[in-house]
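# A look at the structure
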Amino acid sequence: MLGQEDIWHLKLSLKLSSEQMNKKEIFLMMNTSNFFKTALLMLLFSLSVFGQEGIKDSDKKPNIIFILTDDQGYGDIAVHGHPYLDTPSMDKMHAESVRFDRFYVSPSCSPTRAALLTGMHEFKNGVTHTIQPREHLHKDAVTLPYLLKTAGYKTGFIGKWHLGGGTGYVPQHRGFDWYAKNAKGPHNHFDVEMIRNGKRFQSKGFREDAFFDEAMTFITESKDQPFFLYLCTYSPHTPLGAPADLLEKYKAKGLNESHAAYLAMIENIDDNLGRLDTFLKEQKMYEDTIVIFMNDNGVTVGLDVYNAGMRGPKCTIWEGGTRAFSFWRWPAKWKPQTVNNLTAHLDVLPTLCEIADVAIPEETKKELEGFSLLPLLQKGEWAHDNRLLYQNVGRWPSGTAEAHKFAMCGVRKGNFLLVHSEGCEDKTCKKYPSQCTTLRNVKKGFQHATYTTKNAQFHWGVSKDWQLFDVKNDPANKNDLSSQYPELVAEMKKAYSKWWNDQFPIMIAHDGDAGNPEANRRTKK
């Protein structure tokens, strides 16, 4: 019998390898005998890797390790000016990498992950929240690991997924050959029970230590095959917990328990980055392995400690809500430099596909909203400085999407950010807690809000109509330039409205507004 996982691989293989077939033909093939489906799967797999055996050692594709931290802010690295953190491995990564310093992600967790893996805005894949079912990446999405598999890569996933569970949604059904996770997600920090490819075993030590141990296991098992590893930490997301020595270190610096634990979790990630680098050098893989290091959204628990001079945490539309560090290191090929062009998570898929020489199907290519960063990585010409990036915090109570077109939204062009930060006035929305609730409270004069005990008026500020900021010179978003650039404001507003209207029916069809609004009362972030 063909297993459920094989069926999902078959579906994607058909989509990637047989674009000329119409839906009726694919339906007939999927409903034929198990023997034929198995034979077809084997044929398609052999076609996807055809030609890989002829690759010479000198043309060997690079290994790729993509590390995504959870709820760490752009400023939560020593080299970015943090007054308390010690992060020698991250600082080293910064020094050795191409650093995209105007790089943006989505305002929260699941949306960023959806955009990273598809090269499309998260709303187009129905991911508009971090709760079920609106965290589920639509089943028809063509993902980065599937594409890399067609170029001969072994694909592995470790850690936090947060794009849906169950048949068709889990990592092993989204293109990953190999996966490892812990049994209770963010709720266990020490001696966690791990699950590797369906088999459970006990680990020792801190959770992220176990994740990086698994990374080394996956790399070892990949042998001579090029690999793509997507490693997602839970740290420093809440609930907080950290190794005792690191926790005491930060408490001794005068920080409270929460802030100390948050920073200790980040330093633990730093320790593991150092371990991974040592391993790569021991395996003689350091020079020919691409390592990408990023965070998934703005700062959280550490907001009142340091935010690199920016306004706004996670789940806001302000500069600090979506600016991310993005370090790309390939010692054998790329020279360290800082890139200031407007770039984003949408660019990851097309970039890695170009590096890996993946032939992206035309149907998929037409849907991509990102661009390959390879010219910038190689100090070449960049043809996309007039691009626009669209943002909407989402997270509205299910069933109220239409009322949130202009609630907490923004557009980026070059160094400009046009924002509209205000809660909606929808009667249904007002019945349930959401980001709109926070902004209504801020409008009433509240000083405390999520992640801050005293600076809500600044970090969760309510804008007066649309406001325009030069974020390079004004990361705190204090100097509204909208009256000085009325034509630019009109252009960006019009573009945002068209983007929302174009994507809205797709988002609705992909369940981006589905579910029970009561779920907002028990929201996961």
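The text that follows walks through the structure, step by step, so that each part is easy to find. (Residues numbered from 1 in each chain as written. Predicted model: local features only at pLDDT ≥ 70, side-chain atom pairs only at ≥ 80, totals over all residues. Heavy atoms only, no water.)

Under the defined criterion, the tally for this structure stands at 31 aromatic pairs. Here F157 and Y230 contribute two aromatic rings whose centre-to-centre distance is 5.6 Å and whose plane-to-plane angle is 50°, an arrangement assigned as tilted. Placement of F157 in strand β4 (residues 154-159) and of Y230 in strand β8 (residues 227-232) is noted, with a sequence separation of 73 residues between them. This pair shows no difference in class: F157 is buried, exactly as Y230 is. Consider the rings of F176 and F228, whose centres lie 6.4 Å apart with planes at 20°: the pair is stacked. Taken together, the residues F176 in the loop between β4 and β5 (178-182) and F228 in strand β8 connect sequence positions 52 residues apart. An identical accessibility class is assigned to F176 and F228; each is buried. (Phe/Tyr/Trp six-rings, centres within 6.5 Å; stacked < 30°, edge-to-face > 60°. Helix = DSSP H or I, 4+ residues; strand = E, 2+ residues; numbered from the N terminus. Buried < 20%, exposed > 50% of the residue type's maximum accessible area, 1.4 Å probe, protein only.)

Our next topic: the environment of D470. Mapped onto the fold, D470 is located in strand β17 (residues 467-470). For the pair formed by D470 and R412, sequence separation is 58 residues and the distance between their alpha carbons is 10.0 Å. With sequence-adjacent residues up to four places away left out, D470 is seen in contact with N415, F416 and L481. There is a polar contact of 3.2 Å between the side chain of D470 and the backbone nitrogen of K472. (Contact = heavy atoms within 4.5 Å. Polar contact = N/O pair within 3.5 Å; in protein donor to acceptor, adjacent residues only side chain to side chain.)

Let us look at the environment of Y146. Tracing the sequence through the fold places Y146 in helix α6 (residues 144-149). When its relative accessible area of 4% is taken as the criterion, Y146 is described as buried.

Okay, unusual backbone geometry next. Trans peptide bonds make up the majority, and among non-glycine residues the majority have a negative phi. Cis rather than trans, the peptide bond between Q132 and P133 has omega equal to -5°. Its place among the elements puts P133 in the loop between α5 (109-118) and α6. Residue T238 is joined to P239 through a cis peptide bond whose omega torsion reads 0°. The topology assignment puts P239 in the loop between β8 and α8 (244-251). Positive phi values are uncommon outside glycine, yet D191 reaches one of about 50°. Positive phi, close to 55°, is recorded for M408, a residue that is not glycine.

With seven of seven residues buried, strand β9 (residues 289-295) is to be regarded as a mostly interior element. Residues T289, V291, F293 and N295 point to one face of β9 and I290, I292 and M294 to the other, with burial holding for every one of them. The pairing of strand β1 (residues 63-69) with β9 spans seven bridges and is classified as parallel. Considered in β9, the bridge of L68 is made with M294. Where β9 and strand β11 (residues 326-329) come together, four bridges link them in antiparallel fashion. Residue M294 lies in a different strand from β11, and its bridge partner there is S326. (Pairing = 2+ DSSP bridges.)

For the rest of this paragraph, the subject is helix α4 (residues 88-96). Those residues of α4 that fall on the buried side of the exposure criterion are S89, M90, M93 and H94. The buried residues of α4 occupy one face: seen down the axis, they fall within an arc of 145°. The inward-facing, buried residues of α4 abut β2 (98-100), α9 (257-282), β9 and β11. (Arc of directions from axis to C-beta.)

The next point concerns the packing of helix α7 (residues 207-222) against α9. Relative orientation of the contacting elements α7 and α9 amounts to 20°, with a least axis distance of 9 Å. When the axes of α7 and α9 are compared, the pair comes out roughly parallel. Between α7 and α9 lies a crossing whose hand is right-handed. The residues of α9 that touch α7, namely those facing R207, E208, D209, F212, D213, M216, I219 and T220, are M265, N268, N272, L273, R275, L276, F279 and L280. (Axes fitted to C-alpha atoms, helices over the stretch in contact; angles between N-to-C directions. Parallel < 35°, antiparallel > 145°, perpendicular 65-115°, else oblique. Left-handed = near helix turned anticlockwise from the far one by under 90°.)

A separate point is the pattern of salt bridges. Between side chains of opposite charge, pairing is possible as soon as their charged atoms come close. Throughout the structure, instances matching the rule amount to 28 salt bridges. For the salt bridge of R196 with E214, the shortest nitrogen-to-oxygen distance reads 2.7 Å. You can see R196 sitting in strand β6 (residues 193-196) and its partner E214 sitting in helix α7, a full 18 residues away along the chain. Here R196 falls in the partly exposed class, since its relative accessible area comes to 24%. We classify E214 as buried; its relative accessible area is 4%. Between K251 and E257 there is a salt bridge; the shortest N-O distance is 3.1 Å. Taking the relative accessible area as the measure of exposure, E257 reaches 46% and is therefore partly exposed. One network of salt bridges, with partners in common, ties together D70, R113, K160 and D296. (Salt bridge = Lys/Arg side-chain N within 4 Å of Asp/Glu carboxyl O.)

Before going further, it helps to spend a moment on α5. Buried residues dominate α5, accounting for ten of its ten residues. Listed as buried for α5 are C109, S110, P111, T112, R113, A114, A115, L116, L117 and T118. Those residues of α5 that are buried lie in contact with β1, α6, β8, β9 and α11 (348-355). G119 occupies a position one or two residues after α5 and carries a positive phi of about 70°.

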